[in-house]
Amino acid sequence: MPGGPPMPGGSGNPGDGGAPAATPPEGTPNDGAPGAPGGDGVPMPTANSDAPGGGNALAPGGSTDGDPNNPNNGQPGNENPDGTPPPPPPPRTLREQAFAAYRNGNEALGQKLLNAHFAAVPSAKDELAQKMAWYPGLMRPSLAPRIGIALQIVEEPLNFKGDPMPIGSASLTTAVDQMQQAEAADSAIGRTGRMSKFGKGRRGGMMDYSEKAKTDQTQNWPAAQQIHYYLGDFGDWLVEALQERMETGEYGPVLKDLVKQASRPAPRRDPNNPDGQPGDGASGFAGGESSDGSGPPMPPGGGRGGRGGRGGGGGAFGGGGGGAFGGAAGAGFAAASAADAQRRWSSNKGTDRAAANLAAVKQISPSMLWLGKIKDDERDELVKRAEATDCDILAVFSMTLHQARTGNFMNNKSTLRLQNLRTKKNLEYSPEPLVNLDVERWRQKDEKGVEPVEREILKALEAIDKVLKPVPLPEAVTAERAKKRIADLVATKPEEPLPVIVEARYYMAKGLLTQSEYIDAAKSLLGEDGLNKIAARNKED
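How each quantity is defined
- Residues numbered from 1 in each chain as written.
- Predicted model: local features only at pLDDT ≥ 70, side-chain atom pairs only at ≥ 80, totals over all residues.
- Heavy atoms only, no water.
- Helix = DSSP H or I, 4+ residues; strand = E, 2+ residues; numbered from the N terminus.
- Buried < 20%, exposed > 50% of the residue type's maximum accessible area, 1.4 Å probe, protein only.
- Contact = heavy atoms within 4.5 Å.
- Areas by Shrake-Rupley, 256 points an atom, 1.4 Å probe, with all protein chains shown as cover.
- Salt bridge = Lys/Arg side-chain N within 4 Å of Asp/Glu carboxyl O.
- Phe/Tyr/Trp six-rings, centres within 6.5 Å; stacked < 30°, edge-to-face > 60°.
- Pairing = 2+ DSSP bridges.
- Core = buried A, V, L, I, M, F, W, Y, C linked by side-chain atoms within 4.5 Å.
- Arc of directions from axis to C-beta.
- pLDDT = per-residue confidence, 0-100.
- Axes fitted to C-alpha atoms, helices over the stretch in contact; angles between N-to-C directions.
- Parallel < 35°, antiparallel > 145°, perpendicular 65-115°, else oblique.
- Left-handed = near helix turned anticlockwise from the far one by under 90°.
- Polar contact = N/O pair within 3.5 Å; in protein donor to acceptor, adjacent residues only side chain to side chain.
- Expected span 1.5 Å × (residues − 1).
- Bend = angle between axes of the 7 residues up to and from the residue.

## A word on the overall build of the protein chain
Scanning the protein chain for helices and strands turns up 14 helices and nine strands. For the protein chain, with 541 residues in total, the buried portion stands at 50%. In the protein chain, once contacts between residues fewer than 6 apart in sequence are set aside, the share between residues at least 24 apart is 76%. Here the protein chain has roughly 23900 Å² of accessible surface; of this, 50% comes from carbon and sulfur atoms.

Below, the structure written as structure tokens:
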């Protein structure tokens, strides 16, 4: 389906993939034909080649003991009794390759591999009917909606490269303590110890005008570290809340599977191993995190070291929010179909993607991307990144930074804004700005009521739930409307045809398209040769 990231592996039955292992459609990654009967529609195997040397990387340690393809059974020398090298591990299935790509932070490759799986593997038809979900706020079905998170600096001191002192940071707590101590020590009547930076003998914070100040060192940090450094509890808690929704399946079974698979440890990759498998490697976006977990050290400042900071406990964000689907599915679905066909599959899509700077894009977790930090006048660039990475929801933290008149304190005001990129409308959410000093003082006084950051996150979750909590396929989505949508998408000659084929196959599994109509759509998108290749894997039992 266009727009949704690929669906993770499902519950295929042994033997579903008994059809000949032909090559998938042109333009798709290596299909990783399995080395034993059953094809790649079978459930995740207990041993695979996710780890270097053919071990089971889905289990901790990735042990290769008992590998039937290694006659020497891992004995010293790692050679066959006759001295010849052992055979290479069997190729991964498409689904296994996709999971490996997601574990390595390669969001783009993972999406392509899973789309190829659901377009080509026989058992994927039943999986689509069970797991591909209808998302009311997007007015269409999707495998796994994608959320983009970004930071927009509205205002900051000239050449500022210092600590933004986000909510929950140790630096914020220290600065507030020092301010309060200064106020308490000032015994002069009518004064609080604060003086203008223009007063005699007073100097404000020094700015760095060197060449080093022109380079943003944080842009190469992993996504989680950038969020932690700039946004503190506000950003950390939003990410944790969304991940909890995905882990519990509240945003659909596909996202639940993706997050579960991505949480498995990715094995370190041997650069000298000639048997590297598709799906291994670094991020699919420039500047992404390394696959072995190496990277820059944890940045200073930021985090939850501040007094009164909470850990964003799991129960705080559970439940709540319904997302009931209204009765306007028919008209909304038609409108969304036209919008998708015009925007997402337009002829200038390749140009837009080339124009977008994806160097700052990094995976936070499957279907959740960090789109980077932008300035106030770079909003168009952010939209290009969101469209190029096929995001459905855009969460932007707008931040204003002001240097305090005395000392090294940084006033930080952040506001979260949510937008539905499919409807081009803001979510039903009334944001309230959070000021670091106000929240820190609230925490130090141990005020009653809901903590300010938690209150704002809960409001945001309620708005996102209405868009991303799936519901059954509405009755208003008839066979006529499904055929019209697929016909519109096919007519635009999309740059990436597999998402359209996956959506068409979903409608076929739901009885809204006949098999001949599905084949006609695939033929129009792939051509005669591509159709023959996919048909070899797509024979129904």
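Picking up after the structure, the text goes on.
## What to know about the pattern of salt bridges
Going through the model one piece at a time under the given rule, you end up with 20 salt bridges. Among the ionic contacts, a cluster of salt bridges with common partners joins Arg140, Asp390, Asp392 and Arg422.

## Points about the packing of aromatic side chains
Each aromatic ring pair is summarised here by two numbers: the centre-to-centre distance and the angle between the ring planes. Per the counting criterion, the structure on display carries four aromatic pairs. For the ring pair tyrosine 229 and tyrosine 230, a centre distance of 5.0 Å and an interplane angle of 85 degrees mean the geometry is edge-to-face. The same class applies to tyrosine 229 as to tyrosine 230, namely buried. A centroid spacing of 5.7 Å and a plane angle of 55 degrees characterise the contact between tyrosine 506 and tyrosine 507, whose relative ring orientation is tilted. Taken individually, tyrosine 506 and tyrosine 507 each receive the classification buried, so the pair is uniform in this respect. Grouped by ring-pair contacts, the aromatic residues Trp221, Tyr229 and Tyr230 constitute a single cluster.

## A short note on the pairing of strand β3 (residues 147-155)
Of all nine residues in β3, seven are buried, a share of seventy percent or more. Alignment of β3 against strand β5 (residues 368-375), held across seven bridges, turns out to be parallel. Following the sheet pairing, leucine 151 is matched in β5 by lysine 373. Two strands pair when backbone bridges link them, and β3 and strand β6 (residues 393-403) are joined in this way by eight bridges, in the parallel orientation. Residue pairing for β6: isoleucine 149 is matched across the bridge by alanine 395.

## Structural notes on the nonpolar core
One finds Ile149, Phe409, Leu416 and Leu418 to be the most contacted residues of the largest nonpolar core, which totals 97 residues. Here the element with the most residues in this core is helix α5 (residues 223-247); it accounts for twelve residues. Discounting chain neighbours no more than four positions away, the residues touching leucine 418 are Leu394, Ala395, Asn426, Leu427, Tyr429, Ala460, Ala463 and Ile464. Ranked by size, the runner-up nonpolar core spans eleven residues in total, among them Ala150, Val361, Leu369 and Ala386.

## Looking at helix α3 (residues 124-131)
What α3 keeps buried is the set Ala124, Glu127, Leu128 and Lys131. Down the axis of α3, the buried set is contained in an arc of 100 degrees. They therefore lie on one face. Exposed side chains of α3 directed beyond 90 degrees from the buried face belong to Asp126 and Gln130. Considering only its buried residues, α3 is in contact with α1 (94-103), α2 (107-120), β1 (133-135), α6 (253-262) and α13 (498-509).

## Focus: the environment of leucine 94
Mapping leucine 94 onto the fold places it in helix α1. It is 9.1 Å that separates the C-alpha atoms of leucine 94 and asparagine 115, two residues lying 21 residues apart in sequence.

## Notes on the confidence of the model for the protein chain
Taken residue by residue, the protein chain gives an average pLDDT of 72. The fraction at 70 or more is 60%. Segment residues 189-212 is flagged for pLDDT under 50; beyond a separation of four residues in sequence, or across chains, it makes 22 contacts in the model. Segment residues 341-354 is flagged for pLDDT under 50; beyond a separation of four residues in sequence, or across chains, it makes 29 contacts in the model.

## Examining the pairing of strand β7 (residues 410-420)
Summarising burial for β7: eight of the eleven residues are buried, a large majority. For β6 and β7, the ladder comprises eleven bridges, and the chain directions are antiparallel. Bridge pairing in β7 places serine 398 opposite threonine 415. Strand direction decides the pairing type here: β7 and strand β9 (residues 434-435), joined by two bridges, are antiparallel. Residue pairing in the sheet places serine 414 in a bridge with leucine 434 of β9. In this structure, β7 lies alongside strand β8 (residues 425-426), joined through two bridges in antiparallel fashion. In the sheet register, asparagine 420 faces β8, and the bridge partner there is lysine 425. In textbook terms, the turn of a hairpin is the stretch between consecutive antiparallel strands, and for β7 and β8 this stretch comprises four residues, one of which, lysine 424, has a positive phi near 65 degrees.

## Re the packing of α1 against α2
It is the contact of α1 with α2, at a shortest axis distance of 8 Å, that shows an interaxial angle of 165 degrees. As the angle between them shows, α1 and α2 are arranged roughly antiparallel. Of the two elements, α1 crosses α2, and the hand of that crossing is left-handed. Residues Leu94, Arg95, Gln97, Ala98, Ala101 and Tyr102 of α1 form the contact with α2, whose own contacting residues are Glu107, Leu109, Gly110, Gln111, Leu113, Leu114, Ala116 and His117.

## Topic: unusual backbone geometry
With a phi close to 65 degrees, lysine 424 is a non-glycine residue in the positive phi region. Among the structural elements, lysine 424 can be located in the loop between β7 and β8. Relative accessible area serves as the criterion here: at 45%, lysine 424 is assigned to the partly exposed category. Positive phi is not limited to glycine here, since lysine 493 has a value of about 50 degrees. Assessed through its relative accessible area of 69%, lysine 493 is described here as exposed.

## Here's the deal with the side chain of aspartate 233
The topology assignment puts aspartate 233 in helix α5. One polar contact links aspartate 233 to arginine 443, side chain to side chain, over a distance of 2.9 Å.

## Focus on the environment of glutamate 456
Relative to the helices and strands, glutamate 456 is located in helix α11 (residues 452-468). Take glutamate 456: its relative accessible area is 0%, and that puts it in the buried class. Apart from residues no more than four positions distant in its own chain, glutamate 456 is found in contact with Phe234, Tyr429, Ser430, Pro431, Glu432 and Leu434.

## Looking at α5
In a regular helix each residue adds 1.5 Å, so 25 residues correspond to 36 Å; α5 covers only 19 Å between its end C-alpha atoms and thus falls short of that length. Roughly 135 degrees is the biggest bend found in α5, and it falls at leucine 231. In terms of burial, α5 is a largely internal element, 21 of the 25 residues being buried. A positive phi of about 85 degrees marks glycine 249, the residue just after α5.

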